[in-house]
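# Coordinate inspection notes
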Amino acid sequence: MKKQLGLVFFPAFDWAISPTHPERQERLLYTRDQIVEEGLLDLPQIQEYKPRLAEYADVNRVHIGVPAISPLITEAHLVSAGGAITAVEAVMKQEVKRAFALVRPPGHHAMRMVHGTRGFCTINIEAIMVEYLRKNYGIRRVAIVDTDVHHGDGTQDIFYHDPDTLFISFHQDGRTLYPGTGFMEEMGSPNAFCTTLNIPLPPGTGDEGLHAVLDGLILPALADFKPEVIINSAGQDNHYSDPLANMAITAQGYAKLAEQLKADIAVLEGGYSIEQALPYVNVGIVLAMAGLSYAEVVEPDIQRCPGQSAATTAYIQEMIQKWQGIWRARHDLSRQAKLAAGDFWHRNRSIYYDDSGIYDDQRERVRMCPHCVGYHIIESQAEHPGQGLVSAFAAILPRFACPQCRKDGQDAVHAAKRQGRYQHYFLQDKEQDFLEKL
Amino acid sequence: MLLGIDVGGTFTDAVVVDDNQVIRHAKTPTTHGSLLACITQAVDQSLIGLKSSEITRVALSTTIVTNAIVEGQLAKVGLLVIPGPGMKIENLLPVPPAILSGYTDHRGRKVAGIAEHEIRAAFDCLKDCDAFAISGKFANRNPGQELEAAASLRQQAGHRHISLGSQITGSLNFWRRTNSAYYNAAVWSCFQEFANAVEAALRQRCIHAPVYILKADGGTMPLSVARTIPVEAIFTGPAASVFGVMTLACPAVPSVSLDIGGTTTDIALWQQGLPLFAGQGIAIAGYPTSIRSLRLRSVGIGGDSLVRWENNHLKIGPQRLGPAMALGGEYPTVSDAFIAAGLVNFGDRKRAEQAMAQIGGASLSFAETANFIIDQAATQIVQAINALISEWTAEPVYCVADLVNTSAFKPELVIGVGGAARGLVPAVAQKMGIACRLPAGGAVVNAIGAAVARPTMEVTVRADTAIGEYTVAECGVKAAVPRLRFEMPDVQQLGKQYLLERAAQAGIAVEATELLQQEEFHLVRGFRTIGKIMTCQLQVKPGVLTTISGFSGEGWQ
Ligand SMILES: [Zn+2]
Ligand SMILES: [Zn+2]
């Protein structure tokens with residue numbers, strides 16, 4: 001009989017970014033203590049899985065590592081990405097109804113092009129899982145709901161031009177928190193317009209605000225988008241005790257979210273209140289996903305949780321209404337965006353790698369093709385500390401690319417190589433499933 | 001001289017081991033009404049011609065606890081739990097518990113106190129219980145609240161037994177500790193009676209040697225310890241067999257051992273001369289416990305397994321419909337195939353051949369049919385061996401190094417014991433492409449295992465230098481860390497002291513100790529290291545007191 005929940009638990013007790021970094025050996029220690037002590041792994045509703053190792057091919061399906069992905073990552077990254085894949089496999093093979101990859105290191109700040117580590121993330125484990133799912137199970141429409149307190153800018157970047165992936169992120173407002181993005185205006189490039197939804201919440205948002213957003217916006221958007229698979233990037237740093245953020249969500253708030261979202265697969269992201277929050281939030285999520293009562297999962301210091309202010313409640317209500325208006329008008333807005341873009345949509349960005357000290361000046365172009373979602377060019381000039389400038393040019397051919405876009409994308413990267421203004425040249429062919437370094 | 005007794009489902013065996021030799025062995029039918037009868041009979045038979053005063057140790061593998069549970073002869077237990085926040089546990093326990101407030105967190109810090117009046121109220125509802133069990137979440141990290149609750153309950157419960165979860169194991173898993181404490185209390189008085197009777201019977205026979213009871217993990221415990229943790233004496237039969245294999249065959253290479261009896265084959269895996277232990281405690285009546293056992297798998301194939309065709313497939317076992325046709329049975333069995341193939345020499349060969357004719361018809365010779373049956377049976381056993389190995393390999397690990405640096409377990413030897421080993425083990429080994437061994441003495445392997453199994457015991461030390469305290473749950477100890485610089489080697493040293501002390505108190509002579517597991521974490525708060533959490537679990541190393549190289553006496557195969 002199919003079990004309710006597959007749990008891929010991998011606390012990576014021997015891996016840290018550095019000894020006192022929030023991503024250190026100790027991070028999931030108390031979560032392990034609580035999960036094992038409760039006896040969750042022995043419940044008949046739950047099956048624990050050992051993660052597999054992801055292969056480089058799984059990573060290269062998503063990322064373009066400069067100069068290559070292998071020198072940028074450790075085995076731990078392959079285990080956490082592999083853990084996400086193990087979770088999705090357990091669901092797709094119908095061994096379990098849902099799965100939770102409670103793994104580290106996290107991934108949602110890792111973008112398509114990778115020069116180093118940013119926001120504790122080097123490779124994007126949900127994105128790797130999604131592309132694995134598409135490659136091996138023929139799934140097309142996927143929704144990712146990022147419930148970490150930080151904007152999931154990496155996941156947004158990877159799927160920004162993909163109309164088949166609905167990316168929803170609520171987070172503490174980028175004006176008050178890393179990475180400083182995730183505003184409502186970031187809605188996806190014109191061919192994927194309104195498949196990126198950002199819900200920046202004011203500091204101090206509590207369970208009430210979170211559930212207003214879930215009921216008023218996230219669940220209706222999911223119902224309209226009709227994804228085949230729903231993924232939850234289950235960061236836990238919205239908790240009232242998290243040292244890196246200023247929100248007021250409780251274990252009950254998170255567990256109820258998990259219960260109502262009904263994600264097929266949840267993947268742990270951030271969460272750094274390792275003693276006061278993570279043990280309880282994770283037990284709550286595990287119980288909710290397994291269809292069991294989480295009513296008694298209450299933090300011992302719950303009285304420290306501040307209430308949500310009336311001003312915050314009003315602000316959130318207003319934003320929900322504004323979003324509902326945009327969502328209703330999204331088809332018209334999409335047409336307008338395409339008209340405004342002309343032949344190519346483009347943007348320039350500066351991307352900071354806080355863990356590696358790298359500044360990347362990135363220029364992107366996407367062909368506004370009437371027949372397909374268009375090929376995509378990334379030109380990157382990254383200043384590495386001690387190494388100087390590392391530059392790269394990449395052409396990305398999307399799934400279902402039209403013949404013209406396939407040819408134009410290939411020509412673009414070959415032409416760039418002939419001109420020789422960059423150090424590294426890549427062709428990522430999502431249709432043929434390879435990453436080539438030219 | 002070592003006296004070993006194994007109470008099995010059908011027979012009770014006793015052996016006397018002296019100086020690497022089995023010098024006596026006796027077999028009597030198990031008397032289910034009163035186990036003492038068959039035990040004393042086996043002892044008396046095995047001691048004929050010996051001086052009972054020369055017996056230096058008595059060790060028993062008994063079904064007393066298993067039977068009490070299987071037959072529902074359990075005492076009425078009042079269960080009190082201190083669950084704190086978390087999963088709702090009340091519907092997951094063998095009896096509805098009384099829930100007490102109070103909470104100890106994952107660091108062993110008391111977060112909320114227990115309330116006396118709740119314990120009094122709980123007792124009012126549980127007055128007529130024969131025994132009590134108390135279990136608190138994270139009591140293994142700090143047994144304080146369990147001990148407090150027990151002291152309070154003691155005032156009303158009088159002399160009635162109280163089991164505590166933290167005294168059964170220092171490992172995490174509140175659910176398992178609670179179930180274990182419940183079953184421990186439930187079999188407590190039944191075991192005391194049995195222990196009293198055994199002691200009296202031995203005294204009568206002028207045997208004054210210390211008595212040991214086998215545990216499910218193949219270690220033994222002094223009777224005094226068994227009296228406090230009788231639940232550990234559950235499901236000891238397979239463990240007795242495995243430790244018998246250890247003394248008879250001393251597997252030095254990675255091995256598989258098979259105990260092939262009448263209807264089942266028990267499989268164990270061996271590495272570095274020791275059997276593998278199970279990753280989790282055993283389940284009792286479907287309730288997971290923290291009782292440690294060996295990593296075993298049972299498959300429903302044995303000498304008496306019924307052989308028949310079903311939907312054009314040859315089926316073997318798991319049912320038994322009487323003995324082999326060659327031994328007067330009515331239906332073809334695996335043993336008939338052994339006899340027809342000439343692998344063993346007992347029973348009526350003509351009848352075995354008739355059995356083969358029933359299965360193989362006219363087109364196959366007796367030998368061809370017999371080999372076909374043996375091949376089928378061996379295939380099923382090999383599948384079960386592979387499943388056991390995969391199950392072990394699939395067990396989660398929590399470190400990158402453990403996940404990446406794995407080497408596949410490749411057995412190099414199959415060891416067979418039990419009545420039907422001779423007929424099947426060579427076929428299994430051949431299929432696996434490795435060698436096999438059939439040590440002599442396999443017919444009383446369980447009693448031999450009990451006779452020679454070393455006593456074991458464990459302790460778990462957990463030090464939290466940020467709090468400045470350490471606990472040893474099994475000893476009910478919580479104390480200040482002894483000095484400023486307190487590192488992992490100090491924790492190990494401390495653990496060893498407690499283990500040796502605990503062993504000495506129980507009268508266990510310790511040959512060697514070993515580290516079961518250890519963990520060390522730096523506690524960092526605000527980018528500053530403020531201490532360490534160090535845990536180490538040590539045990540008296542399991543093993544056998546002597547190897548057995550021969551026997552004297554009759555009927556030895
Ligand atoms: Zn985060
Ligand atoms: Zn196109």
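These numbers were taken from a predicted model, which means no experiment stands behind them.

Cut-off values and rules
- Residues numbered from 1 in each chain as written.
- Chains lettered and ligands numbered in written order.
- Predicted model: local features only at pLDDT ≥ 70, side-chain atom pairs only at ≥ 80, totals over all residues.
- Heavy atoms only, no water.
- Donors = N, O, S within 2.8 Å, 3.2 Å for Na, K, Ca; no water.
- Tetrahedral: all angles 85-135°; square planar, octahedral: opposite > 155°, others 65-115°.
- Helix = DSSP H or I, 4+ residues; strand = E, 2+ residues; numbered from the N terminus.
- Buried < 20%, exposed > 50% of the residue type's maximum accessible area, 1.4 Å probe, protein only.
- Domains from an automatic or database assignment.
- Contact = heavy atoms within 4.5 Å.
- Buried area = accessible area lost by both parts, 1.4 Å probe.
- Salt bridge = Lys/Arg side-chain N within 4 Å of Asp/Glu carboxyl O.
- Polar contact = N/O pair within 3.5 Å; in protein donor to acceptor, adjacent residues only side chain to side chain.
- Pairing = 2+ DSSP bridges.
- Core = buried A, V, L, I, M, F, W, Y, C linked by side-chain atoms within 4.5 Å.
- Axes fitted to C-alpha atoms, helices over the stretch in contact; angles between N-to-C directions.
- Parallel < 35°, antiparallel > 145°, perpendicular 65-115°, else oblique.
- Left-handed = near helix turned anticlockwise from the far one by under 90°.
- Arc of directions from axis to C-beta.
- Expected span 1.5 Å × (residues − 1).

The next thing to look at is the coordination of the zinc ion (ligand 2). Residues and elements named next belong to chain A. Looking at the zinc ion (ligand 2), the protein donor atoms are Cys369 (SG), Cys372 (SG), Cys402 (SG) and Cys405 (SG), and they sit 2.2 to 2.3 Å from it. Considering all four donor atoms around the zinc ion (ligand 2), the spread of angles at the metal, 98 to 117 degrees, places the coordination shape in the tetrahedral class. One chain supplies every donor for the zinc ion (ligand 2), spaced along it as C-x2-C-x29-C-x2-C. Residue Cys372 is found in the loop between β12 (358-367) and β13 (376-384), and its partner Cys405 is found in helix α11 (residues 403-419); the two are separated by 33 residues along the sequence. Like Cys372, the residue Cys405 is buried in the burial classification.

This part takes up the coordination of the zinc ion (ligand 1). Residues and elements named next belong to chain A. Taken together, Asp148 (OD), Asp148 (OD), His150 (ND1) and Asp237 (OD) make up the protein donors of the zinc ion (ligand 1), found 2.0 to 2.7 Å from the metal. In primary-sequence terms, the residues that donate to the zinc ion (ligand 1) follow D-x1-H-x86-D. Here Asp237 lies in the loop between β9 (229-234) and α7 (251-261) and His150 lies in the loop between β6 (142-146) and α5 (153-158), a separation of 87 residues in the sequence. With relative accessibility at 8%, the residue His150 sits in the buried group.

On to unusual backbone geometry, then. Look at the link from Val66 of chain A to Pro67 of chain A: it is a cis peptide, with omega at 5 degrees. Mapped onto the elements of the fold, Pro67 of chain A is located in the loop between β3 (64-65) and α3 (75-92). Of the consecutive residues Gly317 of chain B and Pro318 of chain B, the connecting peptide bond is found in the cis state with omega at -5 degrees. Structurally, Pro318 of chain B can be placed in the loop between β20 (313-316) and α8 (334-340). A positive phi angle, close to 120 degrees, is found at Asn173 of chain B, a residue other than glycine. Structurally, Asn173 of chain B is set in the loop between β10 (161-164) and α5 (174-204). Given a relative accessible area of 5%, Asn173 of chain B falls into the buried group.

Here we come to the domain arrangement of chain B. Residues and elements named next belong to chain B. Per the domain assignment, the segments of chain B are domain 1 (77-186) and domain 2 (458-540). The C-alpha-based centres of domain 1 and domain 2 are spaced at 24 Å. Contacts between the two partners involve 13 residues from domain 1 and, on the opposite side, 14 residues from domain 2. Roughly 1,000 Å² of surface becomes buried between domain 1 and domain 2 when both sides are summed, with 48% attributable to carbon and sulfur atoms. Ionic pairing is found between Arg107 and Asp464, a salt bridge with its closest N-O pair at 2.5 Å. Where domain 1 touches domain 2, the interface holds four residue pairs in polar contact (both at pLDDT 80 or more).

This part covers the pairing of strand β5 (residues 77-82) of chain B. Regular strands show a simple pattern: their side chains alternate between the two faces of the sheet. All names here are of chain B. When you tally the buried positions in β5, you get six out of six residues, the bulk of the element. In this sheet, strand β9 (residues 131-136) lies alongside β5 in parallel orientation, the contact comprising six bridges. Its bridge partner being in β9, Ile82 is matched across the sheet by Gly136.

Our focus in this paragraph is the nonpolar core. Counting residues in each nonpolar core, the largest one holds 158 residues, and the members touching the most others are Phe100, Ile199, Ile218 and Trp323 of chain A together with Phe191 of chain B. The element that contributes the greatest number of residues to this core is α5 of chain B, accounting for 13 residues.

Let's shift gears to the environment of Arg308 of chain B. Residue and element names in this part refer to chain B. Structurally, the position occupied by Arg308 is in strand β19 (residues 307-310). For Arg308, a relative accessible area of 16% corresponds to the buried category. Linking Arg308 and Thr333, residues 25 residues apart in sequence, is a C-alpha distance of 8.5 Å. Arg308 has contacts with His313, Leu314, Lys315, Ile316, Gly317, Gln319 and Ile359, leaving out every residue within four places of it along the chain. One polar contact links the side chain of Arg308 to the main-chain carbonyl oxygen of Leu306, over a distance of 3.3 Å. Engagement of the side chain of Arg308 in a polar contact is seen with the side chain of Glu310, the distance being 3.2 Å.

Turning our eyes to something else, we now look at the interface of chain A and chain B. Of the residues lining the interface, 44 residues belong to chain A; the matching set on chain B comes to 46 residues. Roughly 3,800 Å² of surface becomes buried between chain A and chain B when both sides are summed, with 58% attributable to carbon and sulfur atoms. In this structure, the connection of chain A to chain B is made through ten salt bridges. Taking the shortest distance from any N to any O, the salt bridge between Glu275 of chain A and Arg525 of chain B comes out at 2.6 Å. Summed over the shared surface of chain A and chain B, the result is 27 residue pairs in polar contact (both at pLDDT 80 or more). Looking at the side of chain A that touches chain B, the elements that each hand over two or more residues are β1 (3-10), α1 (29-38), β2 (46-49), α3 and α8 (278-289) of chain A. Examining the composition of the side of chain A that touches chain B, we find that eight residues originate from one element, α1 of chain A, more than from any other.

With that settled, consider the pairing of β19 of chain B. Sheet topology note: the β19 of chain B/β20 of chain B ladder contains four bridges and is antiparallel. Each residue of the ladder has a partner; that of Val307 of chain B, found in β20 of chain B, is Ile316 of chain B.

It is worth spelling out the sheet that holds strand β7 (residues 165-172) of chain A at this point. Residues and elements named next belong to chain A. Strand order in the open sheet made by the eight strands is β2-β1-β4-β10-β9-β6-β7-β8, with parallel pairing throughout. The open sheet terminates on both sides in strands that have one partner only, identified here as β2 and β8 (196-201). Taking each pair of neighbouring strands and ignoring which way they run, the sheet shows an average axis angle of 15 degrees. Each of β1, β2, β4 (96-103) and β10 (265-268) touches α8; the most contacted strand, β4, lies at about 165 degrees to it.

Residue and element names in this part refer to chain A. Two elements in contact, α3 and helix α4 (residues 125-137), have axes whose closest approach is 9 Å; the angle formed by their N-to-C orientations is 40 degrees. Classified by the interaxial angle, the pair formed by α3 and α4 is oblique. Here α3 runs over α4; the crossing is right-handed. Side by side, α3 and α4 meet where Ser80, Ala81, Ala84, Ile85, Val88, Glu89 and Met92 of the first sit next to Ile125, Ile128, Met129, Tyr132, Leu133 and Tyr137 of the second.

With that out of the way, let us pick up helix α3 (residues 116-126) of chain B. Residues and elements named next belong to chain B. Listing the buried residues of α3 in full gives Ile119, Ala122, Phe123 and Leu126. End-on view of α3: buried residues confined to an arc of 100 degrees, all on one side of the axis. Of the exposed residues in α3, those oriented more than 90 degrees away from the buried face are His117 and Cys125. The secondary structure elements touched by the buried residues of α3 are β5, β6 (98-99), β9 and α4 (144-157).

Once that is clear, we can look at helix α12 (residues 421-432) of chain B. Residues and elements named next belong to chain B. With twelve residues, α12 should cover 16 Å at 1.5 Å per step; its first-to-last C-alpha distance of 16 Å lies within 8% of that length. Among the residues of α12, Ala421, Gly423, Leu424, Val425, Ala427, Val428 and Ala429 are the ones counted as buried. Buried residues along α12 sit in contact with β13 (255-260), α8, α10 (366-393), β21 (413-417) and β22 (435-437).

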